Amino acid sequence: GTLTSIISFSSIYPEGTIIITMAESGNKIKVSARYSGKFAKAQRNLKEIMDFVTSIIGGDSGGHEKAAGCTIEKSNEEKFIELIKKKLEFEIVKL
């Protein structure tokens, strides 16, 4: 979460960009998601996105609209990436 927050407050990405980082911890992966920018308006609810993905592949999720995360099994890393991409593409098309 700390690295994701640092990146989200930098000027690297345009305000409102969703930033997702992953860090291995044993046989688990910790995922953090944040919106870039100090005043970004949440167009998508990051907690709902994490809840959706973990409801399919398992794991624990938490957070809120603008900052969320989850912990998943390392064996589900590729599936997580696939699902998060599909979910964000669907959300973009839905807007």
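Structural notes, computed from the coordinates.

Let us look at the environment of serine 25. Along the polypeptide, serine 25 turns up in strand β1 (residues 18–25). Classification of serine 25 by relative accessible area gives partly exposed; the value is 35%.

This brings us to the environment of glutamate 65. Position of glutamate 65 relative to the elements: it lies in the loop between β3 (60–63) and β4 (67–73). As for glutamate 65 and glutamate 48, which are separated by 17 residues in sequence, their C-alpha atoms are 7.5 Å apart.

Leu46, Met50, Phe80 and Ile84 are the most contacted members of the largest nonpolar core, which totals 17 residues. Broken down by secondary-structure element, the contributors of at least two residues to this core are β2 (28–35), α2 (46–57), β4 and α3 (77–94). A total of five residues in this core trace back to one element, the largest contributor, which is α2. Discounting residues that sit within four places of it in the chain, isoleucine 84 has contacts with Ile20, Ile49, Met50 and Val53.

This paragraph deals with α2. For α2, with twelve residues, the first-to-last C-alpha span of 17 Å sits near the 16 Å given by 1.5 Å per residue. Listed in full, the buried residues belonging to α2 are Leu46, Ile49, Met50, Val53, Thr54 and Ile57. Looking straight down α2, one finds that the buried residues subtend no more than 125° of arc, so they occupy a single side. Opposite the buried face of α2, by more than 90 degrees, sit the exposed residues Glu48 and Ser55. If you check the start of α2, you find a side-chain oxygen 3.0 Å away from the backbone N of lysine 47, and it comes from asparagine 45. Two residues or fewer after α2 comes glycine 58, characterised by a positive phi angle close to 90°.

Quick notes on the rules
- The numbering scheme is per chain: residues are counted from 1 as the chain's sequence reads.
- Under the rules for a predicted model, residues below a pLDDT of 70 receive no local features and side-chain atom pairs below 80 are neither given nor counted, while totals for whole chains, interfaces and linings still include all residues.
- No hydrogens and no water enter the side-chain calculation; it runs on all heavy atoms of the structure.
- By definition, any uninterrupted DSSP run of H or I lasting at least four residues is a helix, any uninterrupted run of E lasting at least two residues is a strand, and each is numbered from the N terminus.
- Partly exposed describes any residue whose relative accessible area lies between the buried limit of under 20% and the exposed limit of over 50%, with all areas from a 1.4 Å probe on protein chains only and scaled to the type maximum.
- Only buried residues count toward a nonpolar core, which is a set of Ala, Val, Leu, Ile, Met, Phe, Trp, Tyr and Cys residues joined through side-chain atoms within 4.5 Å.
- By definition, residues are in contact when any of their heavy atoms lie within 4.5 Å.
- A helix is expected to reach a length of 1.5 Å times the quantity of its residues less one.
- Along the arc lie the directions from the helix axis toward the C-beta atoms.
- By the criterion applied in these results, polar contacts are pairs of N or O atoms within 3.5 Å in which, for protein atoms, one can donate a hydrogen and the other can accept it, and in which residues neighboring in sequence qualify only through two side-chain atoms.

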